[in-house]
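# Structural characterization, general
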Amino acid sequence: MRNCCGLISTILATLLVAGCGGALTPATGSGASYALHRAAPAGKSSNGYKLLYSFKGTPDGASPYGGLVALNGTLYGTTLNGSTNYCSQSCSNYCYLGCGTVFSITKGGSEHVIYNFRGNFDSAHDGSWPFAGLTAVNGVLYGTASSAGAYGSGAVYTVSIAGQERLLYSFQGGTDGGAPEAPLIAASSGHLAGTTVVGGGNGCGGSGCGTAYQISAKGHDYRVVHKFAGGNDGDRIYAPLVHLGKLYYGAALEGGGTGCGGNGCGAIFDTTDRGKEHVLYRFSGTSDGAFPNGLTAVNGVLYGTTEGGGTRNSGTFFSITTAGTLTTLYNFLDIPDGNLPGATMIAHKGTLYGTTVGGGTVGSGTVFSMTTSGTEKVLYSFQGGSDGADPQGPVYLFDKMLYGTTTAGGGTGCSGSGCGTVFRVKP
């Protein structure tokens, strides 16, 4: 889910996994079949694209890495940086390297910051650097902050549309996990489920290999569902879970073996809500891809993308059955169809929609559609200027249009790269 080679803020480097780009080292895969590359002609460069908002960094936020969600006819999202409070010693208040925000935006592009994260500023301990977007459950917005909280290892929070924020859980960074960077999902019995990048044990260099967890919507009953062990088991869980039947399914960005430079090329897993985990597939880093992202279920089959591997090392699109049979359906070629498909796709009427961080006509990323048989169409190629660049979050279907964010572009602020945008495009 994370493009570790495209971060704007260097202060976040310790939270990210090195290794995207460059050659991949083959490892061992299982149960895979392969399909030929098929591409439909690229869509028109406009395709109903409209820039809705360009972030300025201060005080409205910067670098929206997450997607959007609608509630009562208004869209809501988060920015990783920005806000009126600083989270870096390199600057004082009103710095684009701030603690992040929660914002609302109308379909017409009117943006409003409803909450400024304070991190540990002024003894707030409310969370900072929200990589993930928000999840709406029963009219309430829920999210995760990758850092700060009571113990400095991140938090689960809820925020009202009026801007009242409340911590539901503060990660301690040990066996309970730390650095949650994935959106929450609604689970059974009034619970939410999520993942953490680190914690759960002392593997993976001592920081732990990540966890899957459950928490009640009211903040009670926090429970670790599974502690990842690295190696064959997988580690670095940046992507959200999928609840299908009685199981959770997910993707580990690394682990699954010793390929791809020794850290493993990633794995697909399932787990019960009591922690009985099973690895369905281990990526080899060759034609089957490497570094998988979030999964999307369509008619009982799971679909996903990898950030690397494939014929051009630009990522793949695949299907995987719940029994673990993986089929590579499409190989991204960078130009003109995209590179680094880093966000979870959404599905609508049998078609999947997603974003690529790079590639497209000028290398600034794309919005694409994909059939379940593997026919891809570029809906929009970002030009890297005022229209935005590097979309790292998912798109969101609302009122027959796709809405999304870019982490850069939209202007010349934030050290010249732009502070990011909100956009819409036709499906």
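Residues numbered from 1 in each chain as written. Predicted model: local features only at pLDDT ≥ 70, side-chain atom pairs only at ≥ 80, totals over all residues. Heavy atoms only, no water.

### Focus: the overall build of the protein
Regarding its fold elements, the protein presents zero helices and 29 strands. Within the protein, buried positions represent 60% of all 427 residues. Intrachain contacts of the protein at a sequence separation of at least 6 include 51% that bridge at least 24 residues. Carbon and sulfur atoms make up 50% of the accessible area of the protein, which totals about 14,900 Å². (Helix = DSSP H or I, 4+ residues; strand = E, 2+ residues; numbered from the N terminus. Buried < 20%, exposed > 50% of the residue type's maximum accessible area, 1.4 Å probe, protein only. Contact = heavy atoms within 4.5 Å. Areas by Shrake-Rupley, 256 points an atom, 1.4 Å probe, with all protein chains shown as cover.)

### A closer look at unusual backbone geometry
Backbone torsion omega between Thr58 and Pro59 reads 0°, so that peptide bond is classified as cis. With a phi close to 55°, Cys414 is a non-glycine residue in the positive phi region. Tracing the chain through its elements places Cys414 in the loop between β28 (401-406) and β29 (421-425). Taking the relative accessible area as the measure of exposure, Cys414 reaches 8% and is therefore buried.

### Comments concerning the sheet that holds β29
The strands that make up a sheet are held in pairs by hydrogen bonds between backbone atoms, and each pair lies either parallel or antiparallel. Spatially, four strands are ordered β2-β29-β28-β27 in an open sheet, and the strand pairing comes out antiparallel. Two strands in the sheet have a free side with no partner beyond their single neighbour: β2 (50-54) and β27 (396-398). Across the sheet, the mean angle separating the axes of adjacent strands is 25° when strand polarity is ignored. (Pairing = 2+ DSSP bridges. Axes fitted to C-alpha atoms, helices over the stretch in contact; angles between N-to-C directions.)

### Structural notes on the sheet that holds strand β13 (residues 211-216)
Taken in spatial order, the four strands line up as β11-β12-β13-β14 in an open sheet, and their pairing is antiparallel. The open sheet has two edge strands, β11 (185-186) and β14 (223-227), and neither has a second partner.

### Some points on the nonpolar core
Within the largest apolar cluster, 21 residues are counted, with the highest numbers of intra-cluster contacts made by Ile268, Phe283, Leu295, Phe318 and Ile320. Of all elements in the fold, only β16 (247-252), β18 (277-282), β19 (290-298) and β21 (316-320) reach the threshold of two or more residues within this core. At three residues, the largest contribution of residues to this core is made by β19. With residues near it in sequence (within four places) discarded, Leu295 still touches Val242, Tyr249, Gly250, Ile268, Leu302, Tyr303, Gly304, Phe318 and Thr344. (Core = buried A, V, L, I, M, F, W, Y, C linked by side-chain atoms within 4.5 Å.)

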